[in-house]
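# A structural walkthrough
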Amino acid sequence: MALLESNKNRGEVRIHESLDELSTDLADYIAELSEASVKERGFFAIALSGGSIITLMRNLCGAPYNKTVDWSKWYIFWADERVVAKNHADSNYKLAKDHLLSKLPIVPSHVHSINDSLTAEEAANEYEFVIRQLVRTRVVNVSDVSDCPKFDLILLGMGPDGHVASLIPDHPVLEEKNEWVTFITTSPKPPPERITFTLPVINSAANVAVVATGSGKAEAVRLAIDDVGPECAVLPARMIEPIVGKLVWFLDHQAASKLKGFSQFSN
Ligand SMILES: O=C(O)[C@H](O)[C@@H](O)[C@H](O)[C@H](O)COP(=O)(O)O
């Protein structure tokens, strides 16, 4: 793993030679944040996304993490979810359950997935209500600087169009300032109906990690990280700017290949 120093305002940029190396680093990073958070607050509230990020977290299921991580303190949420039944192949809950959660000793009542019997709007409202209850008891921390929850870690994938969670480019969802969880019915990446954390919630987290791999993401990575002028300001991934939290990018060489300063790693 190497650190790229090009645009420090955009967080820490970690570049990996292979997906194996990235997975190892990602598991280490998550385990370290879990330890720090459990020590400090007694809980670890982590929000997952859908897509390749789940399989890239696979190392958490093996040694040493299966023994060293205090899984009993983990509380699982989703930064976005597709509005389908929980046993549907498109469900982000199912993806995480099949590849991760079923292999870890996480307390079932600590897994907070959406209610799949509701409409997208109802599911978003109910999910926000659930999070509000957990903020009240401080299972989920509260931000000192915004009227938002402060998740210990929000993990995001990124699409080739620069979307993160279900915050898609040029959509009014990017303007949502009042809700914690909202919904869309027109996602270009199927399925169209989704619920999503809003930008204020993501930007209030203690830690946000964006994971992007493959050459198809290289242009979006460049627009999200490099100093490329005002036109990139509307890219959802560029709008990830934690107010006081820490932003870390996990990239492989292909996804990082268009970043300024990348050539030093490619020889
Ligand atoms: O439910 C979803 O589709 C997501 O949460 C979405 O934001 C995803 O993380 C990105 O599209 C990256 O997905 P890939 O890593 O599979 O490209």
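Residues numbered from 1 in each chain as written. Predicted model: local features only at pLDDT ≥ 70, side-chain atom pairs only at ≥ 80, totals over all residues. Heavy atoms only, no water.

## Looking at the sheet that holds strand β12 (residues 246–252)
Either a parallel or an antiparallel arrangement is found when strands of a sheet pair, and the pairing is made through backbone hydrogen bonds. If you walk across this open sheet you meet the seven strands as β1-β2-β12-β11-β8-β3-β4, and the pairing is mixed. At either end of the open sheet lies a strand with only one pairing partner, and these are β1 (2–4) and β4 (74–78). Taking each pair of neighbouring strands and ignoring which way they run, the sheet shows an average axis angle of 25°. Sheet topology note: the strand β8 (residues 153–157)/strand β11 (residues 207–212) ladder contains four bridges and is parallel. When the sheet's bridge partners are listed, L156 is paired in β11 with V210. (Pairing = 2+ DSSP bridges. Helix = DSSP H or I, 4+ residues; strand = E, 2+ residues; numbered from the N terminus. Axes fitted to C-alpha atoms, helices over the stretch in contact; angles between N-to-C directions.)

## Quick notes on the site of the ligand
Around the ligand, 14 residues are found, and the nearest of them are S52, D80, R82, H163 and K189. Contact between the ligand and S52: an oxygen atom at 2.4 Å from a side-chain N or O atom of the residue. One nitrogen or oxygen atom from the side chain of R194 is found 3.2 Å from an oxygen atom belonging to the ligand. Look at the ligand: alone it shows 420 Å² of surface, and the protein chains cover 90% of it. Tallied by class, the residues present in the shell around the ligand amount to two nonpolar, seven polar and five charged. (Near = heavy atom within 4 Å. Polar contact = N/O pair within 3.5 Å; in protein donor to acceptor, adjacent residues only side chain to side chain. Areas by Shrake-Rupley, 256 points an atom, 1.4 Å probe, with all protein chains shown as cover. Nonpolar A, V, L, I, M, F, W, Y, C, P; charged D, E, K, R; others polar.)

## A short note on the environment of P192
As for its placement among the helices and strands, P192 is situated in the loop between β9 (181–184) and β10 (194–197). Note on P192: relative accessible area 40%, which makes it partly exposed. When the C-alpha atoms of P192 and D20 are compared, they prove to be 32 Å apart, with 172 residues separating the residues in sequence. Each residue touching P192, except ones within four places of it in the same chain, is listed here: I184, T185, T186 and S187. (Buried < 20%, exposed > 50% of the residue type's maximum accessible area, 1.4 Å probe, protein only. Contact = heavy atoms within 4.5 Å.)

## Observations concerning the UniProt feature "domain: Glucosamine/galactosamine-6-phosphate isomerase" (unreviewed entry) in the protein
The positions UniProt marks with the feature "domain: Glucosamine/galactosamine-6-phosphate isomerase" (unreviewed entry) are residues 19–249. End C-alpha atoms of residues 19–249 are separated by 14 Å, and the span's content is 29% helix alongside 17% strand. (UniProt positions renumbered as here; feature names shortened; annotations may be inferred.)

## Digging into helix α7 (residues 218–225)
The element α7 is largely enclosed, with a buried count of six among its eight residues. The set of residues buried in α7 consists of A218, A220, V221, L223, A224 and I225. On its buried face, α7 sits against β2 (12–16), β11, β12 and α8 (253–256).

## Observations concerning the nonpolar core
Within the largest apolar cluster, 95 residues are counted, with the highest numbers of intra-cluster contacts made by I30, F77 and F197. Ranked by residue count, the leading element in this core is helix α1 (residues 19–41), at eight residues. Dropping the residues within four chain positions of it, I30 is found in contact with F44, I46, M57, L60, W74, L153 and L155. (Core = buried A, V, L, I, M, F, W, Y, C linked by side-chain atoms within 4.5 Å.)

## Concerning the pattern of salt bridges
In the structure shown here, the tally under the stated rule is eleven salt bridges. Linking D70 and K73 is a salt bridge whose minimum nitrogen-to-oxygen distance equals 3.2 Å. A relative accessible area of 29% places K73 in the partly exposed class. Connected via shared salt-bridge partners are E12, R14, D25 and K246. (Salt bridge = Lys/Arg side-chain N within 4 Å of Asp/Glu carboxyl O.)

## Re the side chain of S23
Along the chain, S23 falls in helix α1. There is a polar contact of 3.4 Å between the side chain of S23 and the side chain of R58. Residue contacts for S23: discarding those within four places in its chain leaves L56, R58 and N59.

## A few points about the environment of E126
In this fold, E126 is placed in helix α5 (residues 120–136). Its relative accessible area of 34% is what places E126 among the partly exposed residues. For the pair formed by E126 and I114, sequence separation is twelve residues and the distance between their alpha carbons is 7.9 Å. The contacts of E126, once residues within four sequence positions are left out, are N115 and L118. A polar side-chain atom of E126 sits 3.4 Å from a polar atom in the side chain of N115.

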